[in-house]
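# Results of the structural survey
These are the residues of each chain, in order.
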There are 2 protein chains.
Amino acid sequence: MNAAFPTPGADETQRLLSPEELEAALRDIGARRYHNLHPFHRLLHDGKLSKDQVRAWALNRYYYQAMIPVKDAALLARLPDAALRRVWRQRIVDHDGDHEGDGGIERWLKLAEGVGFARDYVLSTKGILSATRFSVDAYVHFVSERSLLEAIASSLTEMFSPTIISERVAGMLKNYDFITKETLAYFDKRLTQAPRDADFALDYVKRHATTPELQRAAMGALTFKCNVLWTQLDALYFAYVAPGMIPPDAWQPGEGLVQDAAPASAPGGVKLVAADVPRLPRGVRMRFDQARDKHVLLAPERTFDLDDNAVAVLQLVDGQRSVTQIAEQLAQTYAADARVIEADILVMLNDLAEKRVLER
Amino acid sequence: MNAAFPTPGADETQRLLSPEELEAALRDIGARRYHNLHPFHRLLHDGKLSKDQVRAWALNRYYYQAMIPVKDAALLARLPDAALRRVWRQRIVDHDGDHEGDGGIERWLKLAEGVGFARDYVLSTKGILSATRFSVDAYVHFVSERSLLEAIASSLTEMFSPTIISERVAGMLKNYDFITKETLAYFDKRLTQAPRDADFALDYVKRHATTPELQRAAMGALTFKCNVLWTQLDALYFAYVAPGMIPPDAWQPGEGLVQDAAPASAPGGVKLVAADVPRLPRGVRMRFDQARDKHVLLAPERTFDLDDNAVAVLQLVDGQRSVTQIAEQLAQTYAADARVIEADILVMLNDLAEKRVLER
């Protein structure tokens, strides 16, 4: 025990790993970095999330699902021979399906519908977090721009997905009464597809990463992909768990749901009655346009001209007064019948609510 | 007051805005969406952040600064005539400078150094959040891939930056004793550069957005850019303010600082003494490689082979035992002199600390 302790030299980091060592190193990246370790997934699987938090997850994750075949098409375009392309194109078939109503994207839409979303709202992706879009797009760009080896290695998170899927399906079925086996049908297919895809990609990486530099590039690509997944959960946690700061334009609980799944406070589609207290949704405001000498109602990327009557009503829409109280105030100002005014402005307010620039 | 209240029809959203109305609509996007409204900036300007939180901001924002001339070069490559390119290339000059030590990127490096960072650490960008990288890269890709009008319109956040800069410089100088006027020299230049750039881009957009569709595209591009900025602050807030969940590999307080700015617990460069309690940093662990029948020390993207002596020591490194206690334990096991062992293992442990796979 008196001998000095030799420690690894700097050149150790340059050593060529055997294919088995490389696989072990790749699996170790997953063991330390795969998103099953993220606190959001722990909450999801343990039944600690509210229905709206599960909805936020399903909605945002749809964008990832929808872009997977785009990513795989970009990769397919770079594969140099028919044999490789024949194998890889199966991934696109799996996600896009063989006919209308088939495929992984469709099954994820079913999941989103299963938790209450209107199909068109999910398809529009307008409620997703910018961080979701930027992370997923980073993945598509990575696969298009990096070396083929890195592009293929970045798909290796599939090696780790069977574990998380089993855990997720069991946990969600047990813990959420609004989740059914049909809702989670997406994951059934992935349990067989993912290992098949991962085996092929892992074999490719082990055969082609033949220098220390290429091996490090492959490990870097898998780390990058783990970050793509992790960053999406960070953003979900931030917006919908804690501190719960939903960025501008991102989905707000209540939005985009089908009628019978929507709570009473959902904007649009809900009929305002006289006792309701109308208010302008976040991001909508009235503004006087000096150049044109008239009032306009500004909504994100939409503008509505307002006539004098509409201005008079909207000036009283303050989130405090009910429709009846607004009508009474106007009746006083204009010395008119409050009941007649109330009927008139209900038509107008419901029209604005229909356009989603007013809510109750 | 008995007339029905006419409300704007759906076709209002298709109306062509006058150039002045378009400018008002663009300014309104800034008034609702620019990142001066983000809670992280309120904390930053009001002196509510710790020095480490300010460091996280400076470090991450460096990546944005460093990519701005890349973004502008991508845009320059798309401009169809010399007159436009002559104007736009000034942005690249502003950021890259005219000589070594000049330019906006250099001034941001000065800011990062001013709050304690080692220059090389900042330049490496290895400690930035993935969300920062994905957001900034989304901006570069947007400018490369969208229409020229959208690419130019996405730069219009410059219209709003003079306000935030004045507020920031005054607030930071007043509230942080570690911030000097020299540290913030970056912003002095931007106060004249940003309005000049914004005037040109705004004029271009007003002259070229000549249909309702193009006007909506320009507004969408500015909204996108606001999201690029906003998302970066969301991620900073999440990682370093609340809930304070720093993603794997992102900067940890203490890392990347110059010697005299580093607290005592900073890894690397610090000499372990016998009384210190060594431990493996996050992300580093010992693992038995069955294929090769030996132990290895796994660090992110680095692997070190370990001999039996190193394994014997590292098995006792548990974040509880001091170096002296480890030596005593080994002396007992191997019936050897604890003082001699202590001297030996201090050499070995300091060597590992130097490689940043051990810390105290």
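Residues numbered from 1 in each chain as written. Chains lettered and ligands numbered in written order. Predicted model: local features only at pLDDT ≥ 70, side-chain atom pairs only at ≥ 80, totals over all residues. Heavy atoms only, no water.

### So, the sheet that holds strand β1 (residues 285–289) of chain A
Which entries qualify depends on this criterion: When DSSP finds at least two bridges between two strands, those strands are taken to pair. The way it works is that DSSP assigns letters per residue, a run of H or I at least four long becomes a helix, a run of E at least two long becomes a strand, and they are numbered from the N terminus. The angle between two axes is taken between their N-to-C directions and runs from 0 to 180 degrees, where each axis is a line fitted to C-alpha atoms and a helix contributes only its stretch in contact. Residues are treated as being in contact if the distance between any of their heavy atoms lies within 4.5 Å.
On the basis of which strands lie adjacent, the open sheet formed by three strands has the order β1-β2-β3 (chain A) and antiparallel pairing. At either end of the open sheet lies a strand with only one pairing partner, and these are β1 and β3 (302–305) of chain A. Across the sheet, the mean angle from the axis of one strand to that of its neighbour is 35 degrees, orientation sign disregarded. Both β1(A) and strand β2 (residues 294–299) of chain A contribute to a ladder of five bridges, which runs antiparallel. In the sheet register, Arg285(A) faces β2(A), and the bridge partner there is Leu298(A). Contacts from helix α1 (residues 19–33) of chain B reach β1 and β2 of chain A within the one sheet, and its direction differs from that of β1(A) by about 145 degrees.

### Structural notes on the packing of helix α1 (residues 19–33) of chain A against helix α11 (residues 212–240) of chain A
For any two helices packed against each other, one specifies the crossing angle of their axes together with the interaxial distance. Residues and elements named next belong to chain A. Our working definition: Any angle that falls under 35 degrees is termed roughly parallel, while one over 145 is termed roughly antiparallel, one within 65 to 115 roughly perpendicular, and all others oblique. For any helix crossing, the convention is left-handed if the near helix is rotated counterclockwise from the far helix by under a right angle, and right-handed if that rotation is clockwise. Under the convention adopted here, Pro, Cys and the residues Ala, Val, Leu, Ile, Met, Phe, Trp and Tyr are nonpolar, Asp, Glu, Lys and Arg are charged, and Gly plus all remaining residues are polar.
With their axes 10 Å apart at the nearest point, α1 and α11 run at an angle of 20 degrees to one another. Our classification of the angle between α1 and α11 gives roughly parallel. With respect to the hand of their crossing, α1 and α11 are arranged in right-handed fashion. Facing α1, whose interface residues are Leu22, Ala25, Leu26, Ile29 and Arg33, α11 presents Gln215, Ala218, Met219, Leu222, Thr223, Cys226, Asn227 and Trp230. Per-class residue counts for the contact of α1 with α11 are nine nonpolar, three polar and one charged.

### Some words on the pattern of salt bridges
For side chains of opposite charge, pairing can occur when their charged atoms come near one another. Applicable threshold: For this analysis, a salt bridge means a side-chain nitrogen from Lys or Arg found within 4 Å of a carboxyl oxygen belonging to Asp or Glu. For each residue, the accessible area found with a 1.4 Å probe, counting protein chains only, is set against the maximum for its type, and the residue is called buried under 20%, exposed over 50%, and partly exposed in between.
All chains considered together, the criterion is met by 43 salt bridges over all chains. Between Arg146(A) and Glu150(A) there is a salt bridge; the shortest N-O distance is 3.2 Å. Note on Arg146(A): relative accessible area 40%, which makes it partly exposed. Arg27(B) is paired through a salt bridge with Glu23(B); the nearest N and O atoms lie 3.0 Å apart. On the criterion of helical spacing, the pair formed by Arg27(B) and Glu23(B) is a turn pair, its members being four residues apart in helix α1. For Arg27(B), a relative accessible area of 38% translates into the label partly exposed. On the basis of relative accessible area, Glu23(B) is assigned to the buried category, the value being 18%. In the salt-bridge network here, residues are joined through shared partners; they are Asp94(B), Glu158(B), Arg190(B), Arg196(B) and Asp197(B).

### With respect to the UniProt feature "domain: Thiaminase-2/PQQC" (unreviewed entry) in chain A
Our working definition: UniProt positions are given in the numbering used here, feature names are shortened, and annotations may be inferred rather than shown by experiment.
Mapped onto the present numbering, the UniProt feature "domain: Thiaminase-2/PQQC" (unreviewed entry) falls on residues 24–234 of chain A. Its end C-alpha atoms 27 Å apart, residues 24–234 of chain A is made of 75% helix and 0% strand.

### Focus on the sheet that holds strand β2 (residues 294–299) of chain B
Hydrogen bonds between backbone atoms are what pair the strands of a sheet, whose relative direction is either parallel or antiparallel. Spatial ordering of the open sheet is given by β1-β2-β3 (chain B), a layout of three strands whose pairing is antiparallel. For this open sheet the edge positions go to β1 (285–289) and β3 (302–305) of chain B, each flanked by a neighbour on one side alone. Averaged over neighbouring strand pairs, the angle between their axes works out to 35 degrees when direction is ignored. Sheet topology note: the β2(B)/β3(B) ladder contains four bridges and is antiparallel. Paired with Val296(B) across the bridge in β3(B) is Asp305(B). Most of the contacts of α1(A) go to β1(B), to which it runs at about 140 degrees, and overall it touches β1 and β2 of chain B.

### Quick notes on the side chain of Arg168(A)
Spelled out, the test is: In this tally, Lys and Arg are treated as positive and Asp and Glu as negative; His is ignored, and so are the chain termini.
Within the element layout of this structure, Arg168(A) appears in helix α9 (residues 161–175). Within the buried set, Arg168(A) has no salt-bridge partner at all; the shortest N-O distance to an opposite charge, 8.0 Å, is to Glu167(A).

### A word on the interface of chain A and chain B
Where we set the bar: When two parts are put together, the accessible area they lose, computed with a 1.4 Å probe and summed over both, is reported as buried area.
The partner chain B presents 75 residues to the 76 residues of chain A that form the contact. For the pair chain A and chain B, the summed buried surface comes to about 6400 Å²; carbon and sulfur atoms form 63% of the total. The partner of Asp28(B) in a salt bridge is Arg285(A), and the shortest N-O contact between them spans 2.3 Å. A breakdown of the residues in the side of chain A that touches chain B according to their chemical character gives 39 nonpolar, 15 polar and 22 charged.

### Details of the confidence of the model for chain A
All names here are of chain A. This is how it is decided: The quantity called pLDDT is the predictor's confidence in a given residue, expressed from 0 to 100.
Within chain A, residue pLDDT values average 88, and 91% of them lie at 70 or more. In the predicted structure, residues 1–11 sits below a pLDDT of 50 and forms 30 contacts with residues beyond four places in sequence or in another chain. Low pLDDT, under 50, characterises residues 264–269; the predicted model gives this stretch twelve contacts beyond four residues in sequence or across chains. Confidence estimates for the predicted assembly give a pTM of 0.72 and an ipTM of 0.70.

### Section: the side chain of His38(B)
Condition: The definition of a polar contact used here is a pair of N or O atoms within 3.5 Å, where within protein one atom must be able to donate a hydrogen and the other to accept one, and adjacent residues in sequence count solely through side-chain atom pairs.
Topologically, His38(B) is positioned in the loop between α1 and α2 (39–45). Look at His38(B) and you get buried, because its relative accessible area is 0%. A polar side-chain atom of His38(B) sits 2.6 Å from a polar atom in the side chain of Asp234(B). Discounting residues that sit within four places of it in the chain, His38(B) has contacts with Met245(A), Trp230(B), Leu233(B), Asp234(B) and Tyr237(B).

### What about the packing of aromatic side chains?
Counted only if it meets this: Any two of the Phe, Tyr and Trp rings considered here, Trp counted by its six-membered ring, make a pair once their centres fall within 6.5 Å; the pair's planes then place it as stacked at under 30 degrees, edge-to-face at over 60, or tilted in between. Note on criteria: charge over ring means Lys NZ or Arg CZ within 6 Å of the ring centre, with the direction from the centre no more than 35 degrees off the ring normal.
Taken as a whole, this structure holds 26 aromatic pairs over all chains when the rule is applied. Between Phe134(A) and Phe224(B), the ring centres sit 5.7 Å apart and the planes meet at 80 degrees, which makes this aromatic pair edge-to-face. One end of the pair, Phe134(A), is in helix α7 (residues 130–145); the other, Phe224(B), is in helix α11 (residues 212–240), on a second chain. In this pair, the class of Phe134(A) matches that of Phe224(B), namely buried. Ring centres of Tyr186(B) and Phe187(B) lie 5.1 Å apart, and the angle between their planes is 85 degrees; on these two criteria the pair is classed as edge-to-face. There is no split in this pair, since Tyr186(B) and Phe187(B) are both buried. An aromatic cluster is built from Trp57(A), Trp108(A), Tyr186(A) and Phe187(A), whose rings are joined through pairwise contacts. Seen from the ring of Tyr63(A), Arg133(A) lies directly overhead, with NZ or CZ sitting 5.0 Å from the centre.

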